[in-house]
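# Close look at the chain arrangement
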Amino acid sequence: MKKAEDYINKKVLNMPFSGIRKFFDVANELEGVISLGVGEPDFDTPWPIREKAIYSLEKGKTNYTSNAGLLELRGEIANYLDRTIHVVYDPAKEVLVTVGASEGIDLSFRALVEPGDEVIIPEPSFVCYKPCVEMAGGIPVVLETKAENEFKVTVEEIEEKITDKTKILLLPYPNNPTGAILDREDLKKIADFLKDKDIIVVSDEIYSELTYGENKHVSIASFEGMREKTIVLNGFSKSYAMTGWRLGYAAGPEAIISAMMKIHQYCIMCAPTTSQQAAVEAIKNCDKYVDKMRKEYDMRRRVMRKGFLDMGLECFDAKGAFYLFPSIKSTGLSSDEFCERLLFEERVAVVPGSALGKSGEGHIRCSYAYSIEEIKQALEKIAVFVKKIKG
Amino acid sequence: MLKNDILEILENNSRIKINDVATMLGKSEEEVNVAIAELEADNVICGYSTLINWDKADKQYVSAMVEVKVTPQREQGFEKIAERIYKFDEVKAVYLMSGGFDLLVMVDGKDIKEIAYFISSKLSPIDAILSTSTHFVLKKYKDHGVIVEKNKKDDERMIVSP
């Protein structure tokens with residue numbers, strides 16, 4: 001007789017659980033842990049958004065929406081993309097509302113990848129890209145970005161990874177876990193390089209609202225010739241503090257969005273209606289809340305970076321998302337050792353950089369989606385730990 | 001811009017350390033100190049007070065908002081009459097309002113009787129005052145942008161997430 005696990009698809013059976021999850025299981029067992037390990041905002045969803053959801057429920061708006069999502073929401077998304085990244089999409093045909101940007105990632109790969117197709121994935125990055133490519137039958141080709149480049153992906157690195165099987169380049173910027181961003185110049189070089197290549201870009205821009213300093217987020221899709229070969233993925237989780245609502249979207253050329261839509265139609269039907277109703281309010285009327293949160297994150301970012309520099313850890317001035325990615329190489333510990341010992345000895349949870357890609361080794365991911373008081377408290381404990389290790 | 005950023009931080013927490021403010025804004029302590037000194041000198045920062053929920057403190061107290069209609073004085077408009085009112089210690093705030101009345105006067109006292117006495121014997125008899133209408137505060141829900149009863153919510157996020 002077969003055992004239950006014998007029925008499981010081999011690809012799934014051999015797929016490891018995310019490294020972050022393993023660490024979560026350990027951290028969760030301990031009492032009194034201060035965490036800088038969370039990848040979601042600490043803010044509650046702004047009240048007008050929640051209030052809109054409640055109102056829509058009162059009104060009984062509880063049916064399915066059209067597969068692609070409420071047309072009103074798609075229209076607002078198209079307006080938003082026009083005013084932020086300056087790319088024009090037709091809401092009726094080129095925008096798809098998804099269950100988080102995560103679904104957009106999965107759909108992109110499933111819609112495009114044939115068995116044997118290669119997808120270039122810069123790492124360190126979010127945990128789901130590789131497994132999603134594999135599930136779609138593709139081959140993930142990892143591009144290890146480097147600390148000395150502040151974890152930006154470069155044209156030379158891309159060129160090195162390209163083969164005649166390369167179909168997709170993933171661009172995960174602003175980046176989780178490094179906080180790296182690609183500015184206009186960086187993107188211009190990549191766009192110029194890709195101009196005459198038959199490669200589609202999947203651009204995961206979920207942290208687009210969270211960039212700090214002078215320059216706003218720039219999308220690869222805004223460069224000449226790139227709109228037609230880019231899928232822009234974004235969502236409401238990070239910018240509007242709406243993680244639990246599970247709502248994202250994809251925008252791109254009609255043929256690709258329509259293919260993604262086909263899969264979405266059969267697997268998902270439509271994104272949650274209440275979330276879509278709330279999202280209309282968010283994207284239409286809540287810029288000021290985003291501005292306020294961004295300002296707050298930026299202050300915390302400075303406090304946290306100063307903390308790491310003061311304890312003698314290198315930490316580049318990451319201008320995106322809500323993570324800093326300090327180097328802990330000077331302690332002589334590996335990322336895993338550092339995080340495990342920090343957790344057990346000082347009860348502070350941070351994420352080992354190696355859990356998010358090999359080139360993250362020697363770094364830790366610290367989220368500043370915490371109050372200044374919490375950040376300072378955690379920094380104090382990390383400083384004690386670092387001092388103890390360095391002697 | 002720097003000044004506004006400083007004001008926003010201090011409005012939320014006037015006890016914050018200056019070196020923290022400097023770090024949060026990416027400025028030097030010196031720059032922040034100079035800016036604050038200027039803001040104080042210009043009376044933009046008028047004082048540093050504490051937001052207290054007196055309902056929870058062990059102290060008898062009542063507050064009221066009084067709508068006041070007045071006859072503006074020639075050449076002095078409302079200034080003179082406002083001054084006569086705000087000089088009383090019982091008066092915590094005075095605003096000139098648009099709409100159905102002229103001045104909104106916030107009054108604190110230890111009980112209703114004390115406030116009633118103040119209004120009938122001090123406020124109403126002032127010559128320029130035509131009428132008053134007093135509203136006692138029953139409960140304060142939110143003050144200066146802070147929800148007063150709010151208990152600190154636990155962080156319900158997972159300890160580690162991707």
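All figures in this text were calculated on a predicted structure; none of them were measured in a lab.

### Some points on unusual backbone geometry
Residue and element names in this part refer to chain A. The amide bond that connects Glu123 to the next residue, Pro124, takes the cis arrangement and shows omega of 0°. Here Pro124 lies in the loop between strand S3 (118-123) and helix H6 (129-135). In the Ramachandran plot, His86 falls in the positive-phi region, its phi being about 60° despite a non-glycine side chain. Overall, the presence of 11 C-beta atoms within 10 Å leaves His86 in the exposed class.

### Brief notes about helix H10 (residues 273-285) of chain A
Helical periodicity: at 3.6 residues per turn, an α-helix aligns residues three or four positions apart in one direction. Residues and elements named next belong to chain A. Here H10 spans 19 Å end to end across 13 residues, near enough to the 18 Å set by a 1.5 Å rise per residue. Listed as buried for H10 are Ser275, Gln276, Gln277, Ala278, Ala279, Glu281, Ala282 and Ile283. Here the buried face of H10 lies against helix H3 (47-58), helix H4 (71-84) and strand S2 (95-98).

### Considerations on the domain arrangement of chain B
Domain parsing of chain B yields domain 1 (2-41) and domain 2 (62-138). Computed from C-alpha coordinates alone, the two centres of domain 1 of chain B and domain 2 of chain B are separated by 35 Å.

### Observations regarding the sheet that holds S2 of chain A
Pairing between the strands of a sheet is mediated by backbone hydrogen bonds and can be parallel or antiparallel. Residue and element names in this part refer to chain A. What the seven strands build is an open sheet, ordered S2-S8-S7-S6-S5-S3-S4; its pairing is mixed. Whereas interior strands pair on both sides, the edge strands pair on one side only; in this sheet they are S2 and strand S4 (139-144). On average, adjacent strands in this sheet sit at an angle of 20° to one another, irrespective of strand direction. Bridging between strand S5 (residues 166-171) and strand S6 (residues 200-204) involves four bridges; their strand directions are parallel.

### What about the domain arrangement of chain A?
Residues and elements named next belong to chain A. Per the domain assignment, the segments making up chain A are domain 1 (4-45 + 288-390) and domain 2 (47-286). In this structure, domain 1 and domain 2 have C-alpha centres spaced 24 Å apart. Across the contact, 36 residues belong to domain 1 and 37 residues belong to domain 2. Elements supplying a minimum of two residues to the side of domain 1 that touches domain 2: helix H11 (287-310) and strand S9 (323-324). For the side of domain 1 that touches domain 2, the element with the highest residue contribution is H11, accounting for eight residues. The residue inventory of the side of domain 1 that touches domain 2, partitioned by class, reads 17 nonpolar, nine polar and ten charged.

### Quick word on the packing of helix H5 (residues 100-112) of chain A against helix H9 (residues 254-267) of chain A
Residue and element names in this part refer to chain A. Taken N-terminus to C-terminus, the directions of H5 and H9 make an angle of 110°; their axes are 9 Å apart at the nearest point. One way to sum up the angle between H5 and H9 is to call them roughly perpendicular. Taking contact as the criterion, the partners of Leu107, Ser108, Arg110 and Ala111 in H5 are, on H9, Ile256, Ala259, Met260, Ile263 and His264. Tallied by class, the residues present in the contact of H5 with H9 amount to six nonpolar, two polar and one charged.

### Here we look at the sheet that holds strand S3 (residues 103-109) of chain B
Residue and element names in this part refer to chain B. Pairing is antiparallel in the open sheet, where four strands are placed in the order S2-S3-S1-S4. The open sheet has two edge strands, strand S2 (91-96) and strand S4 (129-136), and neither has a second partner. Each adjacent strand pair in this sheet contributes to an overall mean axis angle of 20°, direction not counted. Summarising the sheet, strand S1 (residues 62-70) and S4 pair through seven bridges and their orientation is antiparallel. Each bridged residue has a counterpart across the sheet, and for Val68 the counterpart in S4 is Thr132. Across the sheet, helix H4 (residues 79-86) touches S1, S2 and S3, and the angle it forms with S2 is around 165°.

### Digging into the environment of Asp287 of chain A
Secondary-structure assignment places Asp287 of chain A in helix H11. Along the sequence, Asp287 of chain A and Ser239 of chain A sit 48 residues apart, while their C-alpha atoms lie 9.4 Å from each other.

### Remarks on the interface of chain B and chain A
Taken together, the contact between chain B and chain A spans eleven residues of the former and 21 residues of the latter. For the side of chain B that touches chain A, the residue count by class is six nonpolar, three polar and two charged.

### Let's talk about the pairing of S3 of chain A
Residues and elements named next belong to chain A. The element S3 is extensively covered by neighbouring structure, given that six of its six residues are classed as buried. Alternating residues of S3 divide into Glu118, Ile120 and Pro122 and Val119, Ile121 and Glu123, and every residue in both groups is buried. On the question of chirality, the crossover connecting S3 to the parallel S4 by way of H6 is right-handed. Sheet topology places S3 next to S5; three bridges connect them, and they run parallel. Bridging across to S5, Val119 finds its partner in Ile168.

### Digging into the environment of Asp106 of chain A
For Asp106 of chain A, the location among the structural elements is in helix H5. As a C-alpha pair, Asp106 of chain A and Cys132 of chain A span 26 residues in sequence and 5.7 Å in three-dimensional space.

Conventions used here
- Residues numbered from 1 in each chain as written.
- Chains lettered and ligands numbered in written order.
- Predicted model: local features only at pLDDT ≥ 70, side-chain atom pairs only at ≥ 80, totals over all residues.
- Helix = DSSP H or I, 4+ residues; strand = E, 2+ residues; numbered from the N terminus.
- Buried ≥ 20, exposed ≤ 12 C-beta atoms within 10 Å, placed from the backbone.
- Expected span 1.5 Å × (residues − 1).
- Contact = placed C-beta atoms within 7 Å.
- Domains from an automatic or database assignment.
- Pairing = 2+ DSSP bridges.
- Axes fitted to C-alpha atoms, helices over the stretch in contact; angles between N-to-C directions.
- Nonpolar A, V, L, I, M, F, W, Y, C, P; charged D, E, K, R; others polar.
- Parallel < 35°, antiparallel > 145°, perpendicular 65-115°, else oblique.
- Right-handed = clockwise from strand over helix to strand, strands pointing away.

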